[in-house]
Amino acid sequence: MAHGDAARIEISGLTKRFLTPNGEVFTAIQDVSFVIEPGQFCAIVGPTGCGKSTTLGQVSGLERPSAGTVTVGGQPVDGITDGVSFMFQADALFPWKTVLANVMTGPTLRGMGKKEASSLARDWLRRVGLSGFEDRYPHQLSGGMRKRVGMAAALINEPRILLMDEPFGALDVQTKAIMQTELLGLWEQLRPSVLFITHDLDEAVALSDRVLIMTSSPGSIKHSFDIDLPRPRGDVQTIRHEPRFLELQDRIWSSLKDEVERAYAATAGAA
Amino acid sequence: MSSTIPATKAIESDTDAQAASRRARRRHTQRVWIGRILVPVVFLGSWQIATEVGWLDKFFFGQPTAVWQALVHLFTAGTAFGSIWLNLWVTIKEALYGFLLGTGTGVVIGLLLGQNRLLAEVFGPYIKVLNSIPRIILGSIFIVAFGLGTFPKVLLAAVLVFFVVFFNAFQGVREVDQNLIANIRVLGASPLQIARHVTIPSALTWIIASLHTAFGFAIIGALVEEVLGAQHGIGLIIKVAQGNFDPDTVFACMAIMGVVTLAAEYLITLLERRVLSWRPPNRSEAQAI
(Lines give C-alpha, C1' and ligand atoms only; values in the text may rest on other atoms or scores of the structure.)
Protein backbone atom coordinates (compact mmCIF):
# COMPACT_ATOMS: atom_id res chain seq x y z
CA MET A 1 0.00 0.00 0.00
CA ALA A 2 1.22 3.39 -0.99
CA HIS A 3 1.02 5.09 2.39
CA GLY A 4 1.82 2.27 4.80
CA ASP A 5 0.41 2.42 8.29
CA ALA A 6 0.11 6.21 8.13
CA ALA A 7 -3.18 5.74 6.32
CA ARG A 8 -4.73 3.46 8.93
CA ILE A 9 -7.84 4.84 10.65
CA GLU A 10 -8.80 3.42 14.01
CA ILE A 11 -12.00 4.54 15.65
CA SER A 12 -12.91 3.18 19.04
CA GLY A 13 -15.83 3.96 21.31
CA LEU A 14 -16.53 7.17 19.44
CA THR A 15 -19.49 9.09 20.85
CA LYS A 16 -20.65 12.57 19.94
CA ARG A 17 -23.31 14.48 21.83
CA PHE A 18 -24.72 17.87 20.94
CA LEU A 19 -26.68 20.32 23.03
CA THR A 20 -29.90 21.16 21.21
CA PRO A 21 -31.14 24.78 21.25
CA ASN A 22 -33.75 23.90 23.91
CA GLY A 23 -31.10 22.53 26.22
CA GLU A 24 -31.52 18.80 25.66
CA VAL A 25 -28.61 16.50 24.96
CA PHE A 26 -28.77 14.83 21.56
CA THR A 27 -26.56 11.82 20.96
CA ALA A 28 -25.62 11.78 17.29
CA ILE A 29 -23.38 8.71 17.36
CA GLN A 30 -22.82 6.22 20.12
CA ASP A 31 -19.92 3.89 20.68
CA VAL A 32 -18.81 3.66 17.08
CA SER A 33 -15.77 1.46 16.56
CA PHE A 34 -14.14 0.30 13.35
CA VAL A 35 -10.78 0.09 11.67
CA ILE A 36 -9.95 1.05 8.12
CA GLU A 37 -6.84 -0.58 6.76
CA PRO A 38 -4.48 1.55 4.67
CA GLY A 39 -5.68 1.88 1.11
CA GLN A 40 -9.11 0.50 1.84
CA PHE A 41 -12.20 2.01 0.22
CA CYS A 42 -14.91 1.94 2.84
CA ALA A 43 -18.47 3.16 2.43
CA ILE A 44 -20.76 4.08 5.29
CA VAL A 45 -24.45 3.64 4.60
CA GLY A 46 -27.26 4.49 6.93
CA PRO A 47 -30.62 6.19 7.20
CA THR A 48 -30.82 9.98 7.13
CA GLY A 49 -29.70 11.69 10.31
CA CYS A 50 -27.84 8.70 11.74
CA GLY A 51 -24.60 10.60 12.25
CA LYS A 52 -22.61 9.57 9.17
CA SER A 53 -21.36 13.10 8.57
CA THR A 54 -20.62 13.54 12.26
CA THR A 55 -18.33 10.52 12.10
CA LEU A 56 -16.47 12.03 9.18
CA GLY A 57 -16.12 15.34 11.02
CA GLN A 58 -14.30 13.55 13.84
CA VAL A 59 -11.82 11.87 11.52
CA SER A 60 -10.96 15.16 9.79
CA GLY A 61 -10.50 16.88 13.13
CA LEU A 62 -13.08 19.57 12.31
CA GLU A 63 -15.05 18.35 15.33
CA ARG A 64 -13.99 16.83 18.63
CA PRO A 65 -15.43 13.63 20.04
CA SER A 66 -17.41 13.67 23.29
CA ALA A 67 -15.98 10.26 24.17
CA GLY A 68 -13.77 7.68 22.52
CA THR A 69 -10.81 8.19 20.24
CA VAL A 70 -9.97 8.53 16.60
CA THR A 71 -6.46 7.49 15.65
CA VAL A 72 -4.98 8.13 12.25
CA GLY A 73 -1.67 6.47 11.45
CA GLY A 74 -1.11 5.73 15.14
CA GLN A 75 -1.60 9.40 16.10
CA PRO A 76 -4.71 10.42 18.06
CA VAL A 77 -6.63 13.11 16.17
CA ASP A 78 -6.25 16.50 17.84
CA GLY A 79 -7.03 19.47 15.64
CA ILE A 80 -7.04 19.20 11.86
CA THR A 81 -5.63 15.86 10.75
CA ASP A 82 -2.66 16.20 8.43
CA GLY A 83 -2.77 14.50 5.04
CA VAL A 84 -6.56 14.39 4.87
CA SER A 85 -8.66 15.68 1.99
CA PHE A 86 -12.38 16.24 2.28
CA MET A 87 -14.97 16.29 -0.47
CA PHE A 88 -18.24 17.80 0.65
CA GLN A 89 -21.77 17.20 -0.47
CA ALA A 90 -22.28 20.83 -1.36
CA ASP A 91 -19.87 22.61 -3.65
CA ALA A 92 -16.97 23.73 -1.55
CA LEU A 93 -15.19 25.52 -4.39
CA PHE A 94 -14.24 29.14 -3.79
CA PRO A 95 -16.51 31.07 -6.15
CA TRP A 96 -14.06 34.02 -6.36
CA LYS A 97 -11.18 31.85 -7.52
CA THR A 98 -10.74 30.53 -11.03
CA VAL A 99 -10.72 26.78 -11.59
CA LEU A 100 -6.92 26.78 -11.63
CA ALA A 101 -6.66 28.88 -8.46
CA ASN A 102 -9.14 26.59 -6.72
CA VAL A 103 -7.07 23.51 -7.44
CA MET A 104 -3.86 25.36 -6.51
CA THR A 105 -5.17 26.35 -3.08
CA GLY A 106 -4.13 23.15 -1.29
CA PRO A 107 -0.49 23.08 -2.42
CA THR A 108 -0.15 26.87 -1.95
CA LEU A 109 -1.33 26.61 1.65
CA ARG A 110 1.32 23.97 2.18
CA GLY A 111 3.94 26.48 1.08
CA MET A 112 4.53 25.27 -2.48
CA GLY A 113 5.72 27.99 -4.87
CA LYS A 114 3.17 29.59 -7.21
CA LYS A 115 4.82 28.34 -10.38
CA GLU A 116 5.17 24.77 -9.21
CA ALA A 117 1.64 24.69 -7.76
CA SER A 118 0.24 26.07 -10.99
CA SER A 119 1.85 23.43 -13.19
CA LEU A 120 0.81 20.69 -10.76
CA ALA A 121 -2.77 22.02 -10.79
CA ARG A 122 -2.77 22.09 -14.59
CA ASP A 123 -1.66 18.48 -14.58
CA TRP A 124 -4.50 17.51 -12.23
CA LEU A 125 -7.06 19.40 -14.28
CA ARG A 126 -5.88 17.42 -17.28
CA ARG A 127 -6.32 14.19 -15.32
CA VAL A 128 -9.95 15.02 -14.53
CA GLY A 129 -10.55 16.09 -18.13
CA LEU A 130 -10.80 19.83 -17.60
CA SER A 131 -7.89 21.14 -19.66
CA GLY A 132 -8.88 24.45 -21.23
CA PHE A 133 -11.16 25.43 -18.34
CA GLU A 134 -8.38 26.82 -16.11
CA ASP A 135 -9.56 30.44 -16.30
CA ARG A 136 -13.27 29.81 -15.79
CA TYR A 137 -15.05 30.62 -12.57
CA PRO A 138 -17.03 27.87 -10.81
CA HIS A 139 -20.40 29.41 -11.67
CA GLN A 140 -19.55 29.02 -15.36
CA LEU A 141 -19.28 25.23 -15.02
CA SER A 142 -21.89 22.50 -14.89
CA GLY A 143 -22.51 20.54 -11.69
CA GLY A 144 -20.46 17.58 -12.91
CA MET A 145 -17.54 19.79 -13.93
CA ARG A 146 -17.57 21.48 -10.54
CA LYS A 147 -17.35 18.05 -8.91
CA ARG A 148 -14.33 17.26 -11.05
CA VAL A 149 -12.64 20.46 -9.95
CA GLY A 150 -13.45 19.47 -6.37
CA MET A 151 -11.93 16.04 -6.99
CA ALA A 152 -8.76 17.55 -8.46
CA ALA A 153 -8.55 19.99 -5.54
CA ALA A 154 -8.93 17.12 -3.05
CA LEU A 155 -6.48 14.74 -4.71
CA ILE A 156 -3.74 17.22 -5.67
CA ASN A 157 -2.40 17.04 -2.12
CA GLU A 158 -2.01 13.27 -2.58
CA PRO A 159 -3.81 12.63 0.71
CA ARG A 160 -3.30 9.46 2.67
CA ILE A 161 -6.95 9.67 3.66
CA LEU A 162 -9.85 10.86 1.52
CA LEU A 163 -13.10 11.69 3.26
CA MET A 164 -16.15 11.99 1.04
CA ASP A 165 -19.53 13.11 2.31
CA GLU A 166 -22.14 12.18 -0.31
CA PRO A 167 -19.98 13.85 -2.94
CA PHE A 168 -22.18 12.85 -5.87
CA GLY A 169 -25.51 13.11 -4.10
CA ALA A 170 -26.69 16.15 -6.03
CA LEU A 171 -25.75 14.88 -9.51
CA ASP A 172 -28.05 13.37 -12.11
CA VAL A 173 -27.83 9.61 -12.59
CA GLN A 174 -25.68 9.61 -15.74
CA THR A 175 -23.18 12.19 -14.49
CA LYS A 176 -23.01 10.35 -11.20
CA ALA A 177 -22.01 7.08 -12.93
CA ILE A 178 -19.30 8.86 -14.93
CA MET A 179 -17.92 10.54 -11.82
CA GLN A 180 -17.87 7.25 -9.91
CA THR A 181 -15.86 5.57 -12.64
CA GLU A 182 -13.42 8.50 -12.73
CA LEU A 183 -13.09 8.47 -8.96
CA LEU A 184 -12.23 4.77 -9.00
CA GLY A 185 -9.62 5.36 -11.71
CA LEU A 186 -7.92 8.12 -9.73
CA TRP A 187 -8.17 6.20 -6.47
CA GLU A 188 -6.44 3.21 -8.00
CA GLN A 189 -3.52 5.47 -8.97
CA LEU A 190 -3.07 7.03 -5.51
CA ARG A 191 -4.64 4.40 -3.21
CA PRO A 192 -5.52 6.61 -0.23
CA SER A 193 -7.79 5.17 2.45
CA VAL A 194 -11.31 6.33 1.67
CA LEU A 195 -14.28 6.89 3.93
CA PHE A 196 -17.22 7.41 1.64
CA ILE A 197 -20.63 8.40 2.95
CA THR A 198 -23.65 7.74 0.83
CA HIS A 199 -27.24 6.68 1.09
CA ASP A 200 -27.09 5.11 -2.36
CA LEU A 201 -26.55 1.42 -1.78
CA ASP A 202 -25.61 0.72 -5.42
CA GLU A 203 -22.93 3.36 -5.22
CA ALA A 204 -21.58 1.91 -1.97
CA VAL A 205 -21.32 -1.64 -3.32
CA ALA A 206 -19.92 -0.64 -6.70
CA LEU A 207 -17.09 1.47 -5.27
CA SER A 208 -16.05 -0.07 -1.98
CA ASP A 209 -14.04 -2.87 -0.45
CA ARG A 210 -16.22 -2.72 2.61
CA VAL A 211 -19.65 -1.37 3.45
CA LEU A 212 -20.54 -0.35 6.99
CA ILE A 213 -24.20 -0.12 7.92
CA MET A 214 -25.12 2.39 10.61
CA THR A 215 -28.20 2.17 12.77
CA SER A 216 -30.74 4.96 12.96
CA SER A 217 -30.15 7.68 15.54
CA PRO A 218 -28.13 7.44 17.70
CA GLY A 219 -25.86 5.97 15.09
CA SER A 220 -23.63 3.02 15.71
CA ILE A 221 -22.17 0.35 13.45
CA LYS A 222 -24.66 -2.43 12.81
CA HIS A 223 -22.96 -4.63 10.26
CA SER A 224 -19.85 -4.72 8.14
CA PHE A 225 -19.87 -6.35 4.72
CA ASP A 226 -16.79 -7.18 2.69
CA ILE A 227 -17.27 -6.53 -1.00
CA ASP A 228 -15.19 -9.10 -2.84
CA LEU A 229 -15.85 -7.86 -6.35
CA PRO A 230 -12.54 -8.00 -8.25
CA ARG A 231 -10.51 -4.87 -8.92
CA PRO A 232 -9.95 -2.91 -11.05
CA ARG A 233 -13.68 -2.65 -11.43
CA GLY A 234 -13.69 -0.52 -14.56
CA ASP A 235 -17.04 0.85 -15.56
CA VAL A 236 -19.38 1.24 -12.61
CA GLN A 237 -22.41 0.91 -14.89
CA THR A 238 -21.59 -2.64 -15.98
CA ILE A 239 -20.76 -4.02 -12.51
CA ARG A 240 -24.32 -3.40 -11.48
CA HIS A 241 -25.54 -6.31 -13.57
CA GLU A 242 -23.13 -8.93 -12.24
CA PRO A 243 -24.76 -11.67 -10.14
CA ARG A 244 -22.26 -11.24 -7.27
CA PHE A 245 -23.09 -7.51 -7.14
CA LEU A 246 -26.81 -8.22 -6.93
CA GLU A 247 -26.32 -10.85 -4.26
CA LEU A 248 -24.24 -8.52 -2.04
CA GLN A 249 -26.60 -5.65 -2.67
CA ASP A 250 -29.53 -7.81 -1.62
CA ARG A 251 -27.86 -8.93 1.62
CA ILE A 252 -26.88 -5.40 2.58
CA TRP A 253 -30.30 -4.03 1.78
CA SER A 254 -32.00 -6.51 4.09
CA SER A 255 -29.76 -5.24 6.90
CA LEU A 256 -30.31 -1.59 6.01
CA LYS A 257 -34.05 -1.84 5.45
CA ASP A 258 -34.95 -2.19 9.13
CA GLU A 259 -32.92 0.91 10.00
CA VAL A 260 -34.42 2.97 7.23
CA GLU A 261 -37.92 1.96 8.27
CA ARG A 262 -37.15 2.71 11.92
CA ALA A 263 -35.75 6.14 11.05
CA TYR A 264 -38.74 6.85 8.87
CA ALA A 265 -41.19 5.81 11.59
CA ALA A 266 -39.37 8.06 14.09
CA THR A 267 -39.51 11.15 11.88
CA ALA A 268 -43.07 10.42 10.73
CA GLY A 269 -44.12 10.03 14.36
CA ALA A 270 -42.43 13.29 15.30
CA ALA A 271 -44.19 15.09 12.50
CA MET B 1 -32.66 17.23 -53.38
CA SER B 2 -35.88 17.67 -51.52
CA SER B 3 -34.06 17.81 -48.17
CA THR B 4 -32.06 20.93 -49.15
CA ILE B 5 -35.12 23.04 -49.67
CA PRO B 6 -36.41 23.08 -46.09
CA ALA B 7 -32.81 23.66 -44.91
CA THR B 8 -32.45 26.91 -46.86
CA LYS B 9 -35.88 27.88 -45.71
CA ALA B 10 -34.83 27.36 -42.13
CA ILE B 11 -31.82 29.63 -42.68
CA GLU B 12 -34.03 32.28 -44.16
CA SER B 13 -36.43 32.12 -41.26
CA ASP B 14 -33.45 32.28 -38.89
CA THR B 15 -32.27 35.56 -40.38
CA ASP B 16 -35.86 36.76 -40.39
CA ALA B 17 -36.16 35.97 -36.72
CA GLN B 18 -32.89 37.76 -36.00
CA ALA B 19 -33.99 40.83 -37.89
CA ALA B 20 -37.35 40.82 -36.13
CA SER B 21 -35.78 40.59 -32.70
CA ARG B 22 -33.32 43.38 -33.63
CA ARG B 23 -36.23 45.56 -34.68
CA ALA B 24 -38.06 44.79 -31.43
CA ARG B 25 -34.97 45.67 -29.41
CA ARG B 26 -34.50 48.93 -31.28
CA ARG B 27 -38.11 49.89 -30.71
CA HIS B 28 -37.73 49.13 -27.02
CA THR B 29 -34.56 51.27 -26.72
CA GLN B 30 -36.30 54.12 -28.51
CA ARG B 31 -39.20 54.02 -26.11
CA VAL B 32 -36.90 53.98 -23.08
CA TRP B 33 -35.04 57.06 -24.31
CA ILE B 34 -38.20 58.95 -25.22
CA GLY B 35 -39.46 58.23 -21.70
CA ARG B 36 -36.17 59.28 -20.14
CA ILE B 37 -36.19 62.61 -21.97
CA LEU B 38 -39.86 63.18 -21.23
CA VAL B 39 -39.46 62.88 -17.43
CA PRO B 40 -37.20 65.94 -16.90
CA VAL B 41 -38.99 67.93 -19.63
CA VAL B 42 -42.34 67.45 -17.89
CA PHE B 43 -40.90 68.04 -14.44
CA LEU B 44 -38.86 71.15 -15.26
CA GLY B 45 -41.55 72.40 -17.65
CA SER B 46 -44.34 72.26 -15.09
CA TRP B 47 -42.07 73.85 -12.48
CA GLN B 48 -41.27 76.65 -14.93
CA ILE B 49 -44.93 77.15 -15.89
CA ALA B 50 -46.13 77.02 -12.28
CA THR B 51 -43.71 79.76 -11.28
CA GLU B 52 -44.45 81.86 -14.41
CA VAL B 53 -48.24 81.70 -13.91
CA GLY B 54 -47.89 82.33 -10.21
CA TRP B 55 -49.12 79.08 -8.68
CA LEU B 56 -45.72 78.86 -7.01
CA ASP B 57 -43.83 81.91 -5.81
CA LYS B 58 -40.47 81.94 -7.58
CA PHE B 59 -39.07 84.05 -4.74
CA PHE B 60 -39.34 81.00 -2.48
CA PHE B 61 -39.23 78.08 -4.90
CA GLY B 62 -36.87 79.30 -7.60
CA GLN B 63 -37.31 78.69 -11.28
CA PRO B 64 -35.49 76.34 -13.72
CA THR B 65 -34.30 79.17 -15.98
CA ALA B 66 -33.12 81.15 -12.97
CA VAL B 67 -31.33 78.07 -11.61
CA TRP B 68 -29.57 77.80 -14.96
CA GLN B 69 -28.57 81.46 -14.76
CA ALA B 70 -27.32 80.91 -11.21
CA LEU B 71 -25.25 77.99 -12.46
CA VAL B 72 -23.77 80.08 -15.25
CA HIS B 73 -23.09 82.87 -12.78
CA LEU B 74 -21.37 80.49 -10.37
CA PHE B 75 -19.05 79.21 -13.07
CA THR B 76 -18.33 82.56 -14.78
CA ALA B 77 -18.35 85.14 -11.98
CA GLY B 78 -17.41 82.78 -9.14
CA THR B 79 -18.43 83.31 -5.54
CA ALA B 80 -17.51 85.54 -2.63
CA PHE B 81 -15.17 82.75 -1.48
CA GLY B 82 -13.18 82.23 -4.65
CA SER B 83 -14.02 80.40 -7.85
CA ILE B 84 -16.62 77.63 -7.90
CA TRP B 85 -13.88 75.16 -8.84
CA LEU B 86 -11.92 75.97 -5.70
CA ASN B 87 -15.01 75.52 -3.53
CA LEU B 88 -16.03 72.36 -5.31
CA TRP B 89 -12.56 70.93 -4.91
CA VAL B 90 -12.60 71.70 -1.17
CA THR B 91 -15.90 69.84 -0.72
CA ILE B 92 -14.87 66.88 -2.85
CA LYS B 93 -11.57 66.60 -1.01
CA GLU B 94 -13.32 66.59 2.37
CA ALA B 95 -15.87 64.03 1.23
CA LEU B 96 -13.19 61.84 -0.32
CA TYR B 97 -10.92 61.85 2.74
CA GLY B 98 -13.93 61.19 4.95
CA PHE B 99 -15.02 58.38 2.65
CA LEU B 100 -11.59 56.74 2.73
CA LEU B 101 -11.19 57.13 6.49
CA GLY B 102 -14.71 55.86 7.22
CA THR B 103 -14.42 52.95 4.79
CA GLY B 104 -11.00 51.93 6.10
CA THR B 105 -12.01 51.89 9.74
CA GLY B 106 -15.40 50.37 8.94
CA VAL B 107 -13.86 47.49 7.01
CA VAL B 108 -11.14 46.76 9.55
CA ILE B 109 -13.40 46.89 12.60
CA GLY B 110 -16.22 45.08 10.79
CA LEU B 111 -13.93 42.20 9.76
CA LEU B 112 -12.43 42.06 13.24
CA LEU B 113 -15.72 41.94 15.13
CA GLY B 114 -17.27 39.67 12.53
CA GLN B 115 -14.63 37.03 13.10
CA ASN B 116 -14.26 37.36 16.85
CA ARG B 117 -17.35 36.50 18.83
CA LEU B 118 -16.01 37.77 22.12
CA LEU B 119 -15.14 41.19 20.71
CA ALA B 120 -18.48 41.33 18.91
CA GLU B 121 -20.43 40.62 22.08
CA VAL B 122 -18.40 43.06 24.18
CA PHE B 123 -18.58 45.98 21.74
CA GLY B 124 -21.94 45.18 20.12
CA PRO B 125 -24.19 47.11 22.50
CA TYR B 126 -21.89 50.16 22.44
CA ILE B 127 -21.88 50.25 18.67
CA LYS B 128 -25.67 50.12 18.74
CA VAL B 129 -25.72 53.03 21.22
CA LEU B 130 -23.35 55.09 19.05
CA ASN B 131 -25.41 54.27 15.98
CA SER B 132 -28.59 55.51 17.64
CA ILE B 133 -27.08 58.97 18.27
CA PRO B 134 -28.17 61.46 15.58
CA ARG B 135 -24.69 61.85 14.12
CA ILE B 136 -25.36 65.18 12.44
CA ILE B 137 -25.27 66.75 15.92
CA LEU B 138 -21.66 65.62 16.21
CA GLY B 139 -21.06 68.26 13.52
CA SER B 140 -21.51 71.05 16.06
CA ILE B 141 -19.16 69.37 18.49
CA PHE B 142 -16.50 68.90 15.83
CA ILE B 143 -16.70 72.59 14.84
CA VAL B 144 -16.28 73.64 18.45
CA ALA B 145 -13.44 71.21 19.01
CA PHE B 146 -11.52 71.46 15.73
CA GLY B 147 -12.43 74.83 14.22
CA LEU B 148 -13.43 75.74 10.67
CA GLY B 149 -10.75 73.84 8.72
CA THR B 150 -10.88 70.63 6.70
CA PHE B 151 -10.50 68.21 9.59
CA PRO B 152 -13.97 68.44 11.21
CA LYS B 153 -15.58 67.95 7.76
CA VAL B 154 -13.53 64.86 7.08
CA LEU B 155 -14.40 63.59 10.54
CA LEU B 156 -18.18 64.01 10.15
CA ALA B 157 -18.13 62.43 6.69
CA ALA B 158 -16.08 59.53 8.07
CA VAL B 159 -18.46 59.01 10.99
CA LEU B 160 -21.43 58.84 8.60
CA VAL B 161 -19.61 56.44 6.27
CA PHE B 162 -18.25 54.26 9.06
CA PHE B 163 -21.53 52.76 10.23
CA VAL B 164 -22.78 51.92 6.75
CA VAL B 165 -19.55 50.12 5.87
CA PHE B 166 -19.07 48.59 9.29
CA PHE B 167 -22.45 46.87 9.42
CA ASN B 168 -22.02 45.51 5.92
CA ALA B 169 -18.51 44.19 6.57
CA PHE B 170 -19.69 42.63 9.82
CA GLN B 171 -22.68 40.98 8.18
CA GLY B 172 -20.53 39.90 5.24
CA VAL B 173 -18.22 37.98 7.55
CA ARG B 174 -21.17 36.41 9.31
CA GLU B 175 -22.66 35.23 6.02
CA VAL B 176 -19.55 33.34 4.90
CA ASP B 177 -20.40 29.83 3.73
CA GLN B 178 -19.35 27.52 6.58
CA ASN B 179 -18.64 24.79 4.05
CA LEU B 180 -15.88 26.91 2.54
CA ILE B 181 -14.41 27.56 5.98
CA ALA B 182 -14.44 23.82 6.72
CA ASN B 183 -12.85 23.14 3.35
CA ILE B 184 -9.97 25.57 3.78
CA ARG B 185 -9.40 24.39 7.35
CA VAL B 186 -9.05 20.81 6.20
CA LEU B 187 -6.58 22.03 3.59
CA GLY B 188 -4.51 23.23 6.52
CA ALA B 189 -5.05 27.01 6.49
CA SER B 190 -4.00 29.19 9.43
CA PRO B 191 -6.52 31.75 10.78
CA LEU B 192 -4.79 34.45 8.72
CA GLN B 193 -5.02 32.34 5.57
CA ILE B 194 -8.70 31.64 6.27
CA ALA B 195 -9.29 35.40 6.35
CA ARG B 196 -7.29 35.99 3.18
CA HIS B 197 -8.70 33.16 1.08
CA VAL B 198 -12.29 32.97 2.33
CA THR B 199 -13.56 35.56 4.77
CA ILE B 200 -12.37 38.73 3.06
CA PRO B 201 -13.26 37.79 -0.54
CA SER B 202 -16.67 36.67 0.65
CA ALA B 203 -17.29 39.84 2.69
CA LEU B 204 -16.12 42.02 -0.22
CA THR B 205 -19.46 41.52 -1.97
CA TRP B 206 -21.21 43.13 0.97
CA ILE B 207 -18.59 45.81 1.53
CA ILE B 208 -18.61 47.02 -2.07
CA ALA B 209 -22.39 47.07 -2.15
CA SER B 210 -22.26 49.43 0.84
CA LEU B 211 -19.82 51.81 -0.88
CA HIS B 212 -22.56 53.07 -3.21
CA THR B 213 -24.56 54.44 -0.27
CA ALA B 214 -21.43 55.32 1.66
CA PHE B 215 -20.18 57.90 -0.83
CA GLY B 216 -23.53 59.69 -0.72
CA PHE B 217 -23.17 59.84 3.06
CA ALA B 218 -19.65 61.25 2.74
CA ILE B 219 -20.98 64.11 0.58
CA ILE B 220 -23.78 64.76 3.08
CA GLY B 221 -21.29 64.82 5.95
CA ALA B 222 -19.00 67.30 4.21
CA LEU B 223 -21.88 69.57 3.13
CA VAL B 224 -23.59 69.63 6.53
CA GLU B 225 -20.36 70.45 8.30
CA GLU B 226 -19.71 73.25 5.81
CA VAL B 227 -23.17 74.66 6.41
CA LEU B 228 -22.41 74.61 10.14
CA GLY B 229 -19.20 76.57 9.66
CA ALA B 230 -16.57 76.85 6.96
CA GLN B 231 -14.34 79.21 5.00
CA HIS B 232 -14.76 77.46 1.64
CA GLY B 233 -16.97 74.81 0.11
CA ILE B 234 -20.30 74.21 -1.57
CA GLY B 235 -22.02 73.96 1.82
CA LEU B 236 -20.89 77.48 2.61
CA ILE B 237 -22.26 78.77 -0.71
CA ILE B 238 -25.57 77.08 0.05
CA LYS B 239 -25.68 78.62 3.53
CA VAL B 240 -25.00 82.14 2.22
CA ALA B 241 -27.54 81.72 -0.60
CA GLN B 242 -30.11 80.60 1.95
CA GLY B 243 -29.42 83.73 4.00
CA ASN B 244 -29.95 85.87 0.89
CA PHE B 245 -33.27 84.19 0.02
CA ASP B 246 -31.67 82.88 -3.19
CA PRO B 247 -33.19 79.42 -3.80
CA ASP B 248 -31.83 79.37 -7.38
CA THR B 249 -28.20 79.21 -6.18
CA VAL B 250 -29.13 76.51 -3.64
CA PHE B 251 -30.66 74.43 -6.45
CA ALA B 252 -27.63 75.12 -8.61
CA CYS B 253 -25.34 73.77 -5.88
CA MET B 254 -27.62 70.77 -5.50
CA ALA B 255 -27.26 70.04 -9.21
CA ILE B 256 -23.46 70.34 -9.03
CA MET B 257 -23.22 67.90 -6.12
CA GLY B 258 -25.60 65.58 -7.93
CA VAL B 259 -23.21 65.41 -10.87
CA VAL B 260 -20.28 64.74 -8.52
CA THR B 261 -22.13 61.90 -6.79
CA LEU B 262 -23.14 60.39 -10.13
CA ALA B 263 -19.50 60.45 -11.27
CA ALA B 264 -18.39 58.82 -8.03
CA GLU B 265 -21.12 56.22 -8.39
CA TYR B 266 -19.80 55.43 -11.85
CA LEU B 267 -16.26 54.96 -10.51
CA ILE B 268 -17.51 52.70 -7.71
CA THR B 269 -19.41 50.61 -10.25
CA LEU B 270 -16.20 50.22 -12.27
CA LEU B 271 -14.38 49.10 -9.13
CA GLU B 272 -17.21 46.69 -8.33
CA ARG B 273 -17.02 45.11 -11.78
CA ARG B 274 -13.28 44.70 -11.45
CA VAL B 275 -13.15 43.27 -7.95
CA LEU B 276 -16.26 41.13 -8.26
CA SER B 277 -15.65 39.87 -11.77
CA TRP B 278 -16.05 36.32 -10.48
CA ARG B 279 -19.73 36.80 -9.76
CA PRO B 280 -22.36 35.41 -12.10
CA PRO B 281 -24.04 38.12 -14.17
CA ASN B 282 -26.83 40.02 -12.44
CA ARG B 283 -30.01 38.12 -12.19
CA SER B 284 -32.07 40.91 -10.71
CA GLU B 285 -33.34 43.81 -12.75
CA ALA B 286 -33.27 45.96 -9.62
CA GLN B 287 -29.48 46.15 -9.78
CA ALA B 288 -29.69 47.76 -13.19
CA ILE B 289 -31.19 50.80 -11.45
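Computed from a predicted structure; not experimentally measured.

### Examining the pairing of strand 4 (residues 67–72) of chain A
Residue and element names in this part refer to chain A. Relative to strand 4, strand 1 (residues 9–19) runs antiparallel, the two sharing five bridges. Looking at strand 4, one finds that S12 is bridged to T69. Note: strand 4 against strand 5 (residues 75–76), two bridges, orientation antiparallel. Residue pairing for strand 5: V72 is matched across the bridge by Q75. In textbook terms, the turn of a hairpin is the stretch between consecutive antiparallel strands, and for strand 4 and strand 5 this stretch comprises two residues, one of which, G73, has a positive phi near 60°.

### Some thoughts on the pairing of strand 1 of chain A
Bridge count for strand 1 of chain A against strand 2 (residues 25–36) of chain A is eight bridges, and the pairing is antiparallel. Bridged to I9(A) within strand 2 of chain A is I36(A).

### Concerning the sheet that holds strand 2 of chain A
For sheets, the rule is that strands pair by backbone hydrogen bonds, running either parallel or antiparallel. Pairing in this open sheet of four strands is antiparallel, and the strands run 2-1-4-5 (chain A) from one edge to the other. Unpaired on one side and paired on the other, strand 2 and strand 5 of chain A mark the two borders of the sheet.

### Considering the environment of R233(A)
Residue and element names in this part refer to chain A. For R233, the position within the fold is in the loop between strand 10 (221–226) and helix 7 (236–239). The class of R233 is partly exposed, set by 19 C-beta atoms lying within 10 Å. Taking the C-alpha atoms as reference, R233 lies 7.9 Å from L184; in sequence the two are 49 residues apart. With sequence-adjacent residues up to four places away left out, R233 is seen in contact with L184 and I239.

### Brief notes about the domain arrangement of chain A
Residues and elements named next belong to chain A. Partitioning chain A into domains gives domain 1 (4–83 + 159–270) and domain 2 (84–158). On a C-alpha basis, the centres of domain 1 and domain 2 stand 24 Å from each other. Contact with domain 1, which involves 21 residues of that partner, is made by 16 residues of domain 2. Secondary-structure elements contributing two or more residues to the side of domain 1 that touches domain 2 are strand 7 (161–165) and helix 5 (173–190). Per element, the largest residue contribution to the side of domain 1 that touches domain 2 is six residues, and it comes from helix 5.

### Focus: helix 11 (residues 247–275) of chain B
Residues and elements named next belong to chain B. Helix length check: helix 11 (29 residues) gives 42 Å between terminal C-alpha atoms against 42 Å at 1.5 Å per residue, within 8%. Three or more residues of helix 11 are buried, namely D248, T249, F251, A252, C253, M257 and A264. Contacts from the buried residues of helix 11 go to helix 3 (64–76), helix 9 (191–228) and helix 10 (234–243).

About the criteria used
Residues numbered from 1 in each chain as written. Chains lettered and ligands numbered in written order. Predicted model: local features only at pLDDT ≥ 70, side-chain atom pairs only at ≥ 80, totals over all residues. Pairing = 2+ DSSP bridges. Helix = DSSP H or I, 4+ residues; strand = E, 2+ residues; numbered from the N terminus. Buried ≥ 20, exposed ≤ 12 C-beta atoms within 10 Å, placed from the backbone. Contact = placed C-beta atoms within 7 Å. Domains from an automatic or database assignment. Expected span 1.5 Å × (residues − 1).

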